[in-house]
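# Reading the structure
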Amino acid sequence: MRVTVVGAGIAGLTTALALSEGGAEVTVVDRSASLGAGACSRYAGGMLAPWCEAESAEPLVTRLGQEALDYWPRNYPGTVQRGSLVLAPARDAPDLERFARRTTEHERLDADGIAALEPDLAGRFRQGLFFPREAHLDPRRALTTLAETLAGRGVAIRFGETVDLAAPSRDLIADCRGLAGTDRLPDLRGVKGEMLILRCPAISLSRPVRLLHPRFPLYVVPRGEGVFMVGATMVESGERHRVTARSVVELLSAAYTLHPAFAEAEILEMGADARPAFPDNLPRIRVDGSGLSVNGLFRHGFLLSPALARRAADVLLHGIQYPEVMDENPRQQRTA
């Protein structure tokens, strides 16, 4: 079976790998000039936190997301498995209690427990939640590793090319274009996220930290060598690549609340992009006459892409249906 995967973001690369491992002859085509140049994957937090996401996401996200905890250590050696930490200032303690009620697989920590996990946060927070089974990764390095794995399997990635999806093709198509797929998926919308990358050698963190706040909940993800990714904002907008002053102020203010040393951090990069989402913020595999689309990963790209890729490969190669993520069914032979 010959399959052309359109899009070399995280959905496209994981789908290409699943198809190749399943025996398909795969080619990846992307309109951008280089890997990650046009993908919102470049601005992802890289948190593999299925139980934390249960605070605001449907149970399907937690269930599918757990597959990422096995997938990424196998496919990206840089995956860090040290859990996630959720904190709140004393004034926002009710938010922490609400977070605890909506999630599972966590341990409650007092001030001493927080200090034992993250010594640089000692004395700053009275209580927190620790999710020991969660993990994180560097999205840009993970994309590069996936591309190298595909190259080793003989899968070509052709950049600077487009595919006319309306034209007849002898290849099946796996459309993984993200927000660019609105031409075929009219109910897809953009949700803008903005982030900062800071260098702050004065602080050392071993795992992602979520800081709860009524207006702008923050996450800080360590990248190593004193570098941190700071993100939070979710704006209902398909606008891409423009970082607003308000978001920068809010992100830096929240980072300062986590630790005052962030006031002296060097800003290495500011970035924004629009992530693709369906009305219910759940992912979809949609089948048509030319193949299928994998889309709607919302802010869960690295968390959900392994599960969606495996299912997409099963649909194309074996005709298996997955009603939980498919709202248009092909001619299936059996139900998973």
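Going by the structure above, here's the rest.
Residues numbered from 1 in each chain as written. Predicted model: local features only at pLDDT ≥ 70, side-chain atom pairs only at ≥ 80, totals over all residues. Heavy atoms only, no water.

Take the pattern of salt bridges next. Taken as a whole and judged by the stated rule, the model has 27 salt bridges. The partner of D171 in a salt bridge is R2, with the nearest N and O atoms 2.7 Å apart. Here D171 is found in the loop between β8 (156-159) and β9 (172-175), whereas its partner R2 is found in strand β1 (residues 2-6), with 169 residues between them in sequence. The closest approach of N and O atoms between D288 and R184, which form a salt bridge, is 2.3 Å. Of this pair, D288 sits in strand β15 (residues 284-288) while R184 sits in the loop between β9 and β10 (189-199); the two residues are 104 residues apart in sequence, bridging distant segments of the chain. (Salt bridge = Lys/Arg side-chain N within 4 Å of Asp/Glu carboxyl O. Helix = DSSP H or I, 4+ residues; strand = E, 2+ residues; numbered from the N terminus.)

Here the focus is the packing of helix α1 (residues 10-21) against helix α7 (residues 139-152). A pair of packed helices can be characterised by two numbers: the angle between their axes and the separation between those axes. Viewed as axis vectors pointing N to C, α1 and α7 meet at an angle of 30°, and their least axial separation amounts to 10 Å. As far as their axial angle goes, α7 and α1 are roughly parallel. In the crossing of α1 with α7, the sense of the turn from one axis to the other is left-handed. From α1, I10, L13, T14, A16 and L17 reach across to α7, where they touch L143, L146, A147, T149 and L150. Taken together, the residues of the contact of α1 with α7 break down into eight nonpolar, two polar and no charged. (Axes fitted to C-alpha atoms, helices over the stretch in contact; angles between N-to-C directions. Parallel < 35°, antiparallel > 145°, perpendicular 65-115°, else oblique. Left-handed = near helix turned anticlockwise from the far one by under 90°. Contact = heavy atoms within 4.5 Å. Nonpolar A, V, L, I, M, F, W, Y, C, P; charged D, E, K, R; others polar.)

This part is about α1. With twelve residues, α1 ought to run about 16 Å at 1.5 Å a step, and its terminal C-alpha atoms sit 17 Å apart, in line with that. A large share of α1 lies buried, amounting to eleven of its twelve residues. The complete set of buried residues in α1 reads I10, A11, G12, L13, T14, T15, A16, L17, A18, L19 and S20. Immediately downstream of α1, the backbone of G23 shows phi near 105°, a positive value. (Expected span 1.5 Å × (residues − 1). Buried < 20%, exposed > 50% of the residue type's maximum accessible area, 1.4 Å probe, protein only.)

On to the nonpolar core. One finds V5, W72, L292 and F302 to be the most contacted residues of the largest nonpolar core, which totals 64 residues. Sorting elements by how many residues they give to this core places helix α9 (residues 301-318) first, with ten residues. Ignoring sequence-local partners within four residues, the contact set of V5 consists of G12, A16, L19, V26, T27, V28, V29, A174 and C176. The next biggest cluster of nonpolar side chains, apart from the first, holds 27 residues, and it includes L205, L211, A232 and L251. (Core = buried A, V, L, I, M, F, W, Y, C linked by side-chain atoms within 4.5 Å.)

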